Amino acid sequence: DGESVDGPEGTAEFLANYNHQFSVKSTYSNTDCSFDPVALQSFGYTIHVFETTADAQAATDDPFFLTLVTDDHVSEPTGSEFYGLPVYSWSETLCDESEGTRSSMFRRIGRVVTVTESVFPPAAPVTAEGWLDQITVQLYEPAFAAALRQELSQ
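Report on the accompanying structure. Bear in mind that the values here come from a model prediction, so they are computed numbers and not experimental data. (Residues numbered from 1 in each chain as written. Predicted model: local features only at pLDDT ≥ 70, side-chain atom pairs only at ≥ 80, totals over all residues. Heavy atoms only, no water.)

1. As for unusual backbone geometry
Residues other than glycine seldom take positive phi values, yet N19 does so here, at roughly 55°. As for its position among the elements, N19 is in the loop between helix 1 (11-17) and strand 1 (20-29). Assessed through its relative accessible area of 33%, N19 is described here as partly exposed. Positive phi outside glycine occurs at D72, with the angle close to 65°. (Helix = DSSP H or I, 4+ residues; strand = E, 2+ residues; numbered from the N terminus. Buried < 20%, exposed > 50% of the residue type's maximum accessible area, 1.4 Å probe, protein only.)

2. Some details on the nonpolar core
With 17 residues, the main nonpolar core has F120 and W131 as its most contacted residues. Taken together, the elements giving at least two residues each to this core come down to strand 2 (42-50), strand 6 (112-120) and helix 4 (128-143). In this view, W131 contacts V38, A39, L40, S118, F120, A124 and V126; residues no more than four positions away in its chain are not counted. Among the nonpolar cores identified, the runner-up in size contains eleven residues, and F14, Y18, A59 and F65 belong to it. (Core = buried A, V, L, I, M, F, W, Y, C linked by side-chain atoms within 4.5 Å. Contact = heavy atoms within 4.5 Å.)

3. Let's talk about the environment of P125
Along the chain, the position of P125 falls in the loop between strand 6 and helix 4. Along the chain, P125 and D55 lie 70 residues apart, while their C-alpha atoms are 38 Å from each other.

4. Focus: the pattern of salt bridges
Within this structure, the stated rule accounts for three salt bridges. For R102, the salt bridge identified is with E92, shortest N-O distance 2.6 Å. Here the residue R102 occupies a position in strand 5 (residues 99-109), and E92 occupies one in strand 4 (residues 86-93), the gap between them amounting to ten residues. Each of K25, E92, R102 and E117 takes part in one network of salt bridges that share partners. (Salt bridge = Lys/Arg side-chain N within 4 Å of Asp/Glu carboxyl O.)

5. Re the packing of aromatic side chains
Under the definition given, this model contains five aromatic pairs. On the basis of an interplanar angle of 50° and a centroid distance of 5.1 Å, the ring pair of F14 and F64 is categorised as tilted. Of this pair, F14 sits in helix 1 while F64 is found in helix 3 (residues 63-70), placing the two residues 50 residues apart along the sequence. For F14, a relative accessible area of 6% gives the class buried. On the basis of relative accessible area, F64 is assigned to the partly exposed category, the value being 22%. Plain terms: the ring middles of F65 and F106 are 5.0 Å apart, the flat faces sit at 80° to each other, and that makes the pair edge-to-face. (Phe/Tyr/Trp six-rings, centres within 6.5 Å; stacked < 30°, edge-to-face > 60°.)

And the structure:
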């Protein structure tokens, strides 16, 4: 019903307008705030399921969706290294009070829209585009392969 989805004011109404069915979110948080050996503060993957492929397409075409994906920090996107999807990045204060980067990208697969996010320090050895692709390809898509494969076949 969209009520439990995080986002700016109007998120629940936006999702309801596009026949949003449910969302699932998985997040890893570096609670120790140690960037050694992995220079990441957090990463996450959200799956939004809509009633139809047309609903998912219409939702992602609506400018408000980009506000959700970027937490209202819309920037000029770069391209992800594997998928070539738009990657949006902006500055964020990290757990150790230094300035880091938050990045996100989304992908529509049938009636499913996935959003991958990461937060990392400036000294990270991988770019935002690389982090998002690695998180998606190596972790989340294999975990949700059965559901996503079904959407790809429609």
